[in-house]
Every structure is written in C-alpha cells, then in structure tokens.
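# Structural features, examined
Residues per chain, in single letters:
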Amino acid sequence: MSTSIGIHDLSLATTEFVLPHTALAEYNGTDIGKYHVGIGQQSMSVPAADEDIVTLAAAAAAPIIARHGSDGIRTVIFATESSIDQAKSAGVYVHSLLGLPSACRVVELKQACYGATAGLQFAIGLVRRDPTQRVLVIASDVSKYDLDSPGEATQGAAAVAMLVGTDPAVLRIEEPSGVFTADVMDFWRPNYRDTALVDGHESIAAYLQAVEGAWKDYTEHDGRPLEDFAAFVYHQPFTKMAYKAHRHLLDYVGFASDKDTISKALGLTTAYNTVIGNSYTASVYLGLAALLDQAEDLTDRSIGFLSYGSGSVAEFFAGTVVPGYREHLRTEAHHESIDRRKTLDYAAYRELHQRTFPADGGDHLTPAQTSGPFRLAGLRGHKRIYEAR
Ligand code: CAA
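Residues numbered from 1 in each chain as written. Predicted model: local features only at pLDDT ≥ 70, side-chain atom pairs only at ≥ 80, totals over all residues. Heavy atoms only, no water.

With mixed pairing, 3 strands are arranged side by side in an open sheet as E3-E2-E15. Each end of this open sheet is capped by a strand with a single partner; those strands are strand E3 (43-46) and strand E15 (342-343). (Pairing = 2+ DSSP bridges. Helix = DSSP H or I, 4+ residues; strand = E, 2+ residues; numbered from the N terminus.)

Now for the site of the ligand. The environment of the ligand is made up of 24 residues, and the closest members are Lys34, Pro150, Ser203, His235 and Lys244. Residue serine 203 places a side-chain N or O atom 2.7 Å away from a nitrogen atom belonging to the ligand. Taking 1100 Å² as the accessible area of the ligand by itself, protein coverage stands at 73%. (Near = heavy atom within 4 Å. Polar contact = N/O pair within 3.5 Å; in protein donor to acceptor, adjacent residues only side chain to side chain. Areas by Shrake-Rupley, 256 points an atom, 1.4 Å probe, with all protein chains shown as cover.)

This part covers the nonpolar core. Residues Leu19, Val46, Tyr207, Phe232, Tyr234, Leu306 and Phe316 are the most contacted members of the largest nonpolar core, which totals 48 residues. No other element matches helix H6 (residues 200-220), which puts 9 residues into this core. In this structure phenylalanine 232 touches Leu226, His246, Leu249, Ala265, Leu266, Thr269, Gly304 and Phe316, once residues within four positions along its chain are discounted. Judged by nonpolar contacts, the second largest core, of 47 residues, contains Val135, Ile173, Ala231 and Leu286. (Core = buried A, V, L, I, M, F, W, Y, C linked by side-chain atoms within 4.5 Å. Buried < 20%, exposed > 50% of the residue type's maximum accessible area, 1.4 Å probe, protein only. Contact = heavy atoms within 4.5 Å.)

In this section: the pattern of salt bridges. Between side chains of opposite charge, pairing is possible as soon as their charged atoms come close. All chains considered together, the criterion is met by 14 salt bridges. Here aspartate 9 makes a salt bridge to arginine 330, at a shortest N to O gap of 2.6 Å. Highlighted residues: aspartate 9 in strand E1 (residues 5-14) and arginine 330 in the loop between strand E14 (313-321) and helix H11 (331-339), separated in sequence by 321 residues. You can call aspartate 9 buried: its relative accessible area is 0%. (Salt bridge = Lys/Arg side-chain N within 4 Å of Asp/Glu carboxyl O.)

Next comes the structure, spelled out in structure tokens:
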C-alpha cells in the first residue's frame, strides 16, 4: 500500500481592510446587481500600507508552526504571482519571521494562480522521497488591477498556508492528476507593472478551455468518474467563474447542468472568496477551507479540485477527506481573520491602491496600520524591513 500524503493542516489570513462592492458601485455608477449577482462578489480585501504577501503569508503560517512546531520542515514553498523581488524568495522573509531552522530549503514558485498547486504536488513528491519530512506550502497574493478598469471589481488579497506530510489529518491527495498547458495571453503582468493586464472575456474562455483539457487528461489517466465527487473546488477569480466552469465541465461530460446541481456541487466553496475577492494562488485553497469549515460531514468523501493559472496551466486532481478532520479545522480563526477587517470608504481605498515605494534607495517608513502579527515597517536602502509584533 502506498503512503498516504496530503494536507495535515491549513490556515488562512487576509488583510486589515475591506472595500464593499457597494462603495465601488456607488463611485463608478455600476448597478450593484452586476457585482453581487453578475460576478458573485460582495467585497474585496485591501492590504494596509504595511501589509504585503510576506506579512499575509507569515500570518497564515504562524498558527501552523504554533500547533505543530517546525521539526521535519526542511522545505518551504512560497507560491505567488505578486512577487516583491525578482531574485529573493518571499519565503525567505517568512522563514525568518517564523524562526524556522536554517536546515531548510526555501523557494518561490510562479505560474499565475496555479503556482500553489504546483507547490502542493512538488511537496508530495518530496514527502514521498522522505516520509519523515513535512513541507510548508504557502500561497500568498495581492490581486491588483488598474483603477477604473473592469478587473478592479475582482481584486482581493489573502494567504493560505498548508502543512504537507504523511498520514495527513485533513485531506489525502490522490493520484492521478490531469494537467493542461496552453500558451495564451489572457492575463499577465510585465515586470515593469504593479497591476495586471487582462483580456477579461478571453480569460474566461481560456479558463473554460483549460477545465476541459485538464479533465480530459484526468480521465485518460484513469481518474475517478465525475459522480464520485461530493464537491468541486475551483479557482475563483470571482465566484461566478466557478459556476461557469462547473457548468462547462458538466456539459462537456454530458451531465445535467442546472443551477441547483451546480450550487450543490460548489455552493459552499465560495463563502470566503465572495468576501475576500481574488487571491490568485490562494483562491482555490480558500475554496477548500470554506467547504471544510461549513460542510456537515465530508469524512471519506472525495473532492475534485480545478486549479487554473492564466497563461495558462491547469490541473484537475482529487482529495479524500480524512476521518476526524473536523477536530483539526480552524473555522473560528478563519472567520475571525475575515470579520476583523475594517471597512474602507472608496477614497481611502483609492489612496492605498495608488501607494508605491519611491525607488530612490532612501529610508521610507510605512504608516502603522495593520493590527496583524507581522508588518512591513518600510524600505531602507532598497531593502524591505519586516517586524513581528
Ligand atoms: N445584474 C445582474 N447581472 C449583471 C448585471 C446586473 N445589473 N450587469 C451585468 N451582469 C452580468 C453580466 O451578464 C455578466 O454575466 P455573464 O458572464 O454570466 O454573462 C457579468 O455580470 C459580468 O458582466 P460583463 O461581462 O459585462 O462585465 P465586464 O465586462 O466588466 O467583465 C470580467 C467582467 C471579465 C470578469 C472583468 O471583471 C475582468 O476582466 N476581471 C479580471 C479577469 C478575470 O477575473 N478573469 C477570470 C478568468 S482568468 C483567471 O481565472 C485567472 C485570474 O485569477 C485572473
């Protein structure tokens, strides 16, 4: 019998601030129905001036280290597409903030929103090679589009940290995976830009094509039949996208694709993403957290995952929920992380959106805004300075 490997613990963190879509709609004159119903978004997480992918990631991972210690963690994989440095992995800052042992490899991974799934699969490979090891996989992103662009309503920010190891307490990840890659320019961010560029409607079409491709490959590798799955967790750039994707999959396999069937299959997975917004690499794992935190009992049930990253790469894979998993969930902490956010008005959000660090190498302190456990204190001589509280 092969060793069971998967997610032993999962923890999320999001930002200090939140912008309700009502405030955005009031500012730009959009009918709120387009946001609440059309794209399925209620609000978006907005980072404080002293928050970034590192502070979010450390906040997500700290409770995992507090519960399990750092013994056996010899690898940290940090997945992001809103990287803060072209050379140094954001994970090295997190390694330092969490006080992890120096006998550790740390690396940053990128392929748009898909990166964390690559991280999870690579982690499983490492654990298979040495079952005594555990891997800390972190997905952390700040989604940022131009002000007054169609993408603006689909911004957000969050991090999810996962401890991957043998005999997982929460979810066993299964083989096979179905994988898919296509060279498309649906969404990208050149190195000289803070905000992403996107062809919105092309990106939806590319996502649907990837769903089909990943599922096809999954079935060709003897994956489970569709009816085996108790729920489906999709990457959610906006929650309505999960509905579009699942309808596409059901149509592709020739199953009924009415709204009730789709809602039953994925309704619970959207609860966090609808109020946090797009968190890129973290999004699909926020979907998993929302499902596990709310579902009645998923013991021994299989969950289907569709991870999509523009550009594009997708993967369909399955996980089986482990008996006793509910004792290991962090439902209360997840709700607290979301509920503690302070509501911004549109003007304050816009000011935060426009903030950039001067590139002159001087000393630039950030205003103390976050009440989170870690903060970005400023930039000194082109170096980011982080603080733990
Ligand atoms: N009441 C109810 N619904 C309304 C409405 C109203 N008053 N007004 C409009 N709608 C509906 C529309 O009918 C439409 O629904 P359907 O898609 O089901 O037809 C929906 O609201 C959106 O309307 P539009 O298509 O007119 O909106 P838009 O042109 O502003 O673009 C968007 C929407 C493409 C998602 C845009 O927000 C965008 O570019 N977002 C960023 C890109 C993105 O998220 N792409 C997703 C796939 S790529 C990916 O997944 C990777 C990633 O993370 C980026």
